[in-house]
Amino acid sequence: MSSVFYSQEDKEREQRYRVQGDIDREHQLQRSLALRRQHEQANESLRRRLPFRWQGGIRKPRYQGEPMWEQNLPAVHIMLLEPFEAGAGRNLISRQAGEWLCRSAIDYDTGELRYEGEKAPQYADGTGGPAALYDQQITCKNCLQRAMLLHHHG
């Protein structure tokens, strides 16, 4: 009895899986590039609307030990790169460079530093190389709300 370990049918099946894998990789790359375009367009729209220089940033937690509960990704905030002041009275927004648009770094009642900020990590679009990294879209709802108010009333 003659048996073939790797038959012609096996070769054809392998080729079909290889082609399907190439198609799946291409779809994943297209989705990744579309996500990059979405993030870049959202950030560019914010840059045109806001009257100060900024970058995306995250709050650096004070406690650096092991997390006790599963945590979501941190929100990406608008971190000012220059001092800014707008409004008057109760509607005054006054921020120093390095603070978030949604919240100042110092609690002015107690003088305590609330957080330390750092630049948000960049995402990779899956194409490889040095140009494959891009800035994350702002996800802090309070920062986005204040940005819209500044745009409409500024």
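Check the entry above for the structure.
Residues numbered from 1 in each chain as written. Predicted model: local features only at pLDDT ≥ 70, side-chain atom pairs only at ≥ 80, totals over all residues. Heavy atoms only, no water.

Peer 1: Would you mind showing me how to read the sheet that holds strand 7 (residues 116-119) here?
Peer 2: Strand pairing within a sheet occurs via backbone hydrogen bonds; the two strands may be parallel or antiparallel. Taking strand neighbours across the sheet as the criterion, the three strands line up as 2-1-7 in an open arrangement whose pairing is antiparallel. Edge positions in the open sheet fall to strand 2 (77-80) and strand 7, since each of these has one partner strand only. The sheet shows a mean angle of 60 degrees between the axes of neighbouring strands, taken without regard to direction. Pairing of strand 1 (residues 54-60) with strand 2 involves four bridges; the strand directions are antiparallel. (Pairing = 2+ DSSP bridges. Helix = DSSP H or I, 4+ residues; strand = E, 2+ residues; numbered from the N terminus. Axes fitted to C-alpha atoms, helices over the stretch in contact; angles between N-to-C directions.)

Peer 1: What is the right way to read the pairing of strand 1 from this model?
Peer 2: Looking along a regular strand, one sees the side chains alternate between the two faces of the sheet. With four bridges joining them, strand 1 and strand 7 adopt antiparallel strand pairing. Note that in strand 7 the partner of Gly 57 across the bridge is Lys 119.

Peer 1: Can you help me understand the pattern of salt bridges in this one?
Peer 2: A complete count under the given rule lists five salt bridges for this structure. With a shortest N-O distance of 3.0 Å, Arg 13 and Asp 10 are connected by a salt bridge. You can see Arg 13 and its partner Asp 10 sitting in helix 1 (residues 8-49), three residues apart, about one turn around the helix. A salt bridge links Glu 40 to Arg 36; the shortest N-O distance between them is 2.8 Å. Of this pair, Glu 40 and Arg 36 both sit in helix 1, separated by four residues, roughly a single helical turn. Of the residues examined, Arg 36 reaches a relative accessible area of 15% and is grouped as buried. Residues participating in the shared-partner salt-bridge network are Glu 9, Asp 10 and Arg 13. (Salt bridge = Lys/Arg side-chain N within 4 Å of Asp/Glu carboxyl O. Buried < 20%, exposed > 50% of the residue type's maximum accessible area, 1.4 Å probe, protein only.)

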